[in-house]
Amino acid sequence: MAKKEQITALTDELSSYLEGEKLVLIATVGHDVAVPNVNAISWVKSLNEKKIRFSVTTNSRIIENIKANPGVVLNLIGLETVYSIQGNASILESPMEGVSLKLAKIEVEVEQVFESMFWGAKITQEPEYEKTYNPEKAKELDEEVYNALMK
């Protein structure tokens, strides 16, 4: 059986997918106890095929985890499957300028992309979330964060 070629960059389809507001799960290694730590994040953008940027609050456990071990896995459910994007993260700015909340800008250098859906199945409905606070304020904050992420 032929060995599958390793994918080391985002496809155009995955990059485009990350242009919308998507639910992404990030796995880091705990800085205090070396166990997996999984969190949901939503301010995520593809900078290019090798870099993904996201933002979390400056007091997030994710920050300390990345400082101790930069290896991360981003999981997303979409495009009828599940993707695991493995890479190394670095904190670019904390807090970010031009954002009203104390948020950090984090960049992941993509090393490998895996389709991790179990064989013989496909996703028929993507996860959705709803913002439960002031929609106008949420939109303003989203614009601030996405603009700052891409600088």
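Nothing here was measured: the structure is a model prediction, and the numbers come from that model. (Residues numbered from 1 in each chain as written. Predicted model: local features only at pLDDT ≥ 70, side-chain atom pairs only at ≥ 80, totals over all residues. Heavy atoms only, no water.)

> For this particular structure, what's the right way to read the nonpolar core?
Nonpolar side chains tend toward joint burial in soluble globular proteins. If you look at the biggest cluster of nonpolar residues, it comprises 25 residues, and the most contacted ones within it are I41, I52 and F54. Mapped onto this core, the elements with two or more residues apiece are α1 (12–17), β1 (24–29), β4 (51–57), α2 (61–68), β5 (71–78), β6 (81–93) and β7 (103–115). Every residue in contact with I41, bar those within four places of it in the chain, is listed here: K22, L23, V24, I26, F54, V56, I62 and L74. Membership of the second largest hydrophobic core comes to nine residues, among which are W43, V99, V145 and Y146. (Core = buried A, V, L, I, M, F, W, Y, C linked by side-chain atoms within 4.5 Å. Buried < 20%, exposed > 50% of the residue type's maximum accessible area, 1.4 Å probe, protein only. Helix = DSSP H or I, 4+ residues; strand = E, 2+ residues; numbered from the N terminus. Contact = heavy atoms within 4.5 Å.)

> Help me understand the pairing of β5, please; the structure alone is not making it clear to me.
Covered by surrounding structure in β5 are V72, L74, L76 and G78 only, the residues G71, V73, N75 and I77 on the alternate face being uncovered. In terms of strand pairing, β1 meets β5 through four bridges, oriented antiparallel. Across the sheet, L25 pairs through a bridge with N75, a residue of β5. (Pairing = 2+ DSSP bridges.)

> Explain the sheet that holds β5 to me, please; I cannot follow it from the model alone.
Spatial ordering of the open sheet is given by β2-β1-β5-β6-β7-β4-β3, a layout of seven strands whose pairing is antiparallel. A strand with exactly one partner marks an edge of an open sheet, and here the two such strands are β2 (36–41) and β3 (44–48). Each strand of the sheet is rotated relative to its neighbour by a mean of 35°, with strand direction disregarded. In this structure, β4 lies alongside β7, joined through seven bridges in antiparallel fashion. When the sheet's bridge partners are listed, T57 is paired in β7 with L103. Strand contacts of helix α3 (residues 135–149): β3, β4 and β7, with the helix running at about 135° to β4, the strand carrying the most contacts. (Axes fitted to C-alpha atoms, helices over the stretch in contact; angles between N-to-C directions.)

> Which parts of the structure should I look at to understand the pattern of salt bridges?
Oppositely charged side chains can form a pair if their charged atoms are brought close together. Taken as a whole, this structure holds 10 salt bridges when the rule is applied. When the shortest N-O distance is used, the salt bridge between E80 and K122 registers 3.9 Å. Taken as a pair, E80 in the loop between β5 and β6 and K122 in the loop between β7 and α3 lie far apart in primary sequence, 42 residues in all. Overlapping salt bridges bring together E21, K131 and D142 as one network. (Salt bridge = Lys/Arg side-chain N within 4 Å of Asp/Glu carboxyl O.)

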